[in-house]
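Observations on the model geometry
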Amino acid sequence: FLTLAAGLGWLAWRMHQHERAEAARQAEEAARQLVAGPAPGAPAELSWDEVRPVDALGLEVGFRLIPLVDKGQGGDLMARIKAIRRKQTQDLGFLVPAVHIRDNLDLPPNQYRVLVHGVPVAVGEVHPDREMALNPGQVFGEVQGIPGRDPAFGLEAVWVQPAQRAQAESLGYTVVDPATVIATHLSHLIREHASELLGLEEVQALLDTLKKSAPKLVEDLTPKTLPLAVVARVLQNLLAEKVPIRQIRQIAEALLEHGAATQDPAQLTAAVRTALGRFIVQEINGMNPELPVYTLAPQLERILQDSVNGNTAALEPGLAERLQESLADCVQRQEARGEPAVLLVPGGVRGVLSRMFRHGIPSLQVLAYGEIPEDKRLKLVGSIG
């Protein structure tokens, strides 16, 4: 036993010595590399190339939705998104950024989400092996399937098997495939966030295009009269209020006319809207000879004018809440009649009211008196008190 213990002790001492020698060798090698620099084939040092720009517009899909975007598996979502991008570019008046699609394993299998500048703005869920039967408001029966809602507009829907399509359509449902659901939702979000997709580079490209047909106008506008950032802010304000910027020449002329007096984007936006009055009314009411409008009661109009300070309004919270409820009721009545909901107000309070109810009542159009063309007939529907 003494001999065995002595042997084990000697073996443990040798192992300890070997570990110390190996640790010293590794430390010496690390020091040599630190002095001499990285060896050939070693990972490169970090650089600014590692910082990748965030996509302006992105679409992430769960793994069960990958076949919808994979051409090899018969997916046609990519082609539909290209068509939507082309259509929105023509409607909005500027080049809509490309949609970057990638899979995200952190999402639920049937879910997708849309990102604007890297920030998720909406999520939706589709069943790739089924079709969505939308309830347009009146159907003549029920169809069996998975209950759901249209992600773009919130309509009630049922996910049915493809074999049930004919039955659902015979009952009054509108049946669409999953790729159409995603494409429609994306198209709606592009319009909703158009002002965020228009940056300085896009505005400069827009002016460069205009310069080919009106070089003197663009040269006098920027940077002589207005900085590019002010022009961009005005265009973003118009898009935020659902006014396309296709009429870029008229917009530039109005900015050039009023830019010598002010560089305030809010005042310039009001001046541009006045110049685009006929176009704005046309977008709202089409070729109808009469424009149905609501107005403010005289007392409420005075209160609002007295509360407006610049681009903000100091309204009592209770008054603002009651005003929103009244306007929401008016919008519902107009939608029931199949007519647009338009609130006609003085120019001094139009911008404030538009921002105040833009998100709470998105279908409400707030117009100033000066934006109505002289030959347009008005039909007074009611007064908001």
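Cut-offs and rules
- Residues numbered from 1 in each chain as written.
- Predicted model: local features only at pLDDT ≥ 70, side-chain atom pairs only at ≥ 80, totals over all residues.
- Heavy atoms only, no water.
- Pairing = 2+ DSSP bridges.
- Helix = DSSP H or I, 4+ residues; strand = E, 2+ residues; numbered from the N terminus.
- Axes fitted to C-alpha atoms, helices over the stretch in contact; angles between N-to-C directions.
- Parallel < 35°, antiparallel > 145°, perpendicular 65-115°, else oblique.
- Left-handed = near helix turned anticlockwise from the far one by under 90°.
- Contact = heavy atoms within 4.5 Å.
- Buried < 20%, exposed > 50% of the residue type's maximum accessible area, 1.4 Å probe, protein only.
- Expected span 1.5 Å × (residues − 1).
- Polar contact = N/O pair within 3.5 Å; in protein donor to acceptor, adjacent residues only side chain to side chain.
- pLDDT = per-residue confidence, 0-100.
- Core = buried A, V, L, I, M, F, W, Y, C linked by side-chain atoms within 4.5 Å.
- Patch = residues over 30% accessible without salt bridge, like charges linked within 9 Å, V, L, I, M, F, W, Y side chains within 5 Å.
- Areas by Shrake-Rupley, 256 points an atom, 1.4 Å probe, with all protein chains shown as cover.
- Salt bridge = Lys/Arg side-chain N within 4 Å of Asp/Glu carboxyl O.

1. Focus: the sheet that holds strand 14 (residues 377–384)
Strands sit in the order 13-12-9-14 across an open sheet of four strands; the sheet is parallel. Every interior strand has two partners, whereas the edge strands, strand 13 (364–368) and strand 14, have only one. If you compare each strand with its neighbour and ignore which way they point, the axes differ by 40° on average. With two bridges joining them, strand 9 (residues 290–296) and strand 12 (residues 341–345) adopt parallel strand pairing.

2. Focus: the packing of helix 9 (residues 228–240) against helix 10 (residues 248–259)
Running from amino to carboxyl end, helix 9 crosses helix 10 at an angle of 125°, the nearest separation of the two axes being 12 Å. Comparing their axes, helix 10 and helix 9 come out oblique. Crossing geometry of helix 9 relative to helix 10 is assigned as right-handed. Residues Val231, Val234, Leu235 and Leu238 of helix 9 touch helix 10, and the partners they reach there are Ile248, Ile251 and Leu255.

3. Examining helix 12 (residues 277–285)
Helical periodicity: at 3.6 residues per turn, an α-helix aligns residues three or four positions apart in one direction. Among the residues making up helix 12, those that are buried are Gly277, Phe279, Ile280, Val281, Ile284 and Asn285. Packing partners of the buried residues in helix 12 comprise helix 11 (265–275), strand 9, strand 12 and strand 13. Phi turns positive, to about 65°, at Gly286, one or two residues after helix 12.

4. What about helix 5 (residues 178–192)?
The end-to-end C-alpha separation of helix 5 is 21 Å, in line with the 21 Å expected for 15 residues at 1.5 Å each. Two or three places before Ala179, at the start of helix 5, stands the capping residue Asp177, its side-chain oxygen 3.1 Å from that residue's backbone nitrogen.

5. Details of the environment of Pro109
Mapping Pro109 onto the fold places it in the loop between strand 2 (99–103) and strand 3 (111–116). For Pro109, a relative accessible area of 32% puts it in the partly exposed group. When the C-alpha atoms of Pro109 and His127 are compared, they prove to be 9.4 Å apart, with 18 residues separating the residues in sequence. Pro109 has contacts with Gly62, Phe63, Arg64 and Leu65, leaving out every residue within four places of it along the chain.

6. Things to note about the confidence of the model for the protein chain
Across the protein chain, pLDDT averages 90, with 94% of residues at or above 70. Averaged pLDDT values for the elements of the protein chain fall to 70 in strand 11 (residues 312–313) and rise to 97 in helix 9.

7. Some remarks on the side chain of Asn135
Residue placement: Asn135 occurs in the loop between strand 5 (131–134) and strand 6 (146–149). A polar contact of 3.0 Å, which involves the side chain of Asn135, links it to the backbone nitrogen of Gly137. With residues near it in sequence (within four places) discarded, Asn135 still touches Leu155, Glu156 and Tyr173.

8. Structural notes on the nonpolar core
If you look at the biggest cluster of nonpolar residues, it comprises 69 residues, and the most contacted ones within it are Leu59, Leu235, Ile245, Leu255 and Leu367. Residues contacting Leu59, with those up to four places away along its chain left out, are Leu77, Ile81, Val99, His100, Ile101, Arg102, Tyr112, Arg113, Val114 and Ile182. Counting 23 residues, the second-largest nonpolar core is a separate cluster that includes Tyr294, Leu300, Leu315 and Leu364.

9. Description of the sheet that holds strand 6
The strand order across the open sheet built from four strands is 6-7-5-8, with neighbouring strands paired in antiparallel fashion. The open sheet is flanked by strand 6 and strand 8 (174–176), the only strands paired with a single partner. Strand after strand, the sheet turns through a mean of 30° between neighbouring axes, direction not considered. As paired elements, strand 5 and strand 8 share three bridges and run antiparallel to each other. The residue bridging Leu134 from the neighbouring strand is Thr174, located in strand 8. Across the sheet, helix 5 is in contact with strand 5, strand 7 (156–160) and strand 8; its angle to strand 8 comes to roughly 95°.

10. Concerning the side chain of Thr295
Looking at where Thr295 falls in the secondary structure, it is placed in strand 9. If sequence neighbours within four positions are ignored, Thr295 has contacts with Leu343, Leu344, Leu380, Gly382, Ser383 and Ile384.

11. As for a nonpolar patch on the surface
The grouping of Phe1, Leu4, Leu8, Trp10, Leu11, Trp13 and Met15 at the surface amounts to a nonpolar patch, some 910 Å² of accessible area in total. Here Leu8 shows up in helix 1 (residues 2–36). Assessed through its relative accessible area of 52%, Leu8 is described here as exposed.

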